[in-house]
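Now for the letters of each chain:
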Amino acid sequence: MTAAPETTDLSAECALAQRPEYKDLHDQCRQAQDIPLPHATGILLVPRCGCSCHRRGGDS
């Protein structure tokens, strides 16, 4: 049995880009970095997309 790909941490663009006919949507992902909640420490307003094309330390 093959496990389904994890999509809970993906942006809408990267989740759809897992389908072969939409591979080019990775380039349109706007969640390439964490956006912190203003005036809060350690709380994210928008987390970085969990796709491997946006891994920390790499270029997005």
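The shown structure was predicted, so the numbers you read here are calculated from the model rather than taken from an experiment. (Residues numbered from 1 in each chain as written. Predicted model: local features only at pLDDT ≥ 70, side-chain atom pairs only at ≥ 80, totals over all residues. Heavy atoms only, no water.)

**Q** Hey, could you go over the overall build of the protein chain for me, with residue numbers and the actual values?
**A** Counting its regular elements, the protein chain contains 1 helix and 2 strands. Ordering the α and β elements of the protein chain from the N terminus gives α-β-β. When burial is assessed residue by residue, the protein chain has 18% of its 60 residues classed as buried. Taking all contacts inside the protein chain whose residues are at least 6 apart in sequence as the whole, residues at least 24 apart take part in 25%. Of the roughly 4,900 Å² of accessible surface on the protein chain, a fraction of 52% belongs to carbon and sulfur atoms. (Helix = DSSP H or I, 4+ residues; strand = E, 2+ residues; numbered from the N terminus. Buried < 20%, exposed > 50% of the residue type's maximum accessible area, 1.4 Å probe, protein only. Contact = heavy atoms within 4.5 Å. Areas by Shrake-Rupley, 256 points an atom, 1.4 Å probe, with all protein chains shown as cover.)

**Q** Which residues make up the pattern of salt bridges, and what values go with them?
**A** Pairing is possible between side chains of opposite charge, provided their charged atoms come close. Scanning the model with the defined rule gives 2 salt bridges in all. For Glu13, the salt bridge identified is with Arg30, shortest N-O distance 2.9 Å. You can see Glu13 sitting in helix α1 (residues 12-16) and its partner Arg30 sitting in the loop between α1 and β1 (35-36), a full 17 residues away along the chain. A relative accessible area of 14% means that Glu13 is categorised as buried. (Salt bridge = Lys/Arg side-chain N within 4 Å of Asp/Glu carboxyl O.)

**Q** Describe unusual backbone geometry, naming the residues involved and giving the relevant values.
**A** Peptide bonds are, in most cases, trans, and in most cases residues other than glycine have a negative phi. With a phi angle near 65°, His39 is a residue other than glycine that sits in the positive phi range. Among the secondary structure elements, His39 is positioned in the loop between β1 and β2 (44-46). Classification of His39 as exposed rests on a relative accessible area of 87%.

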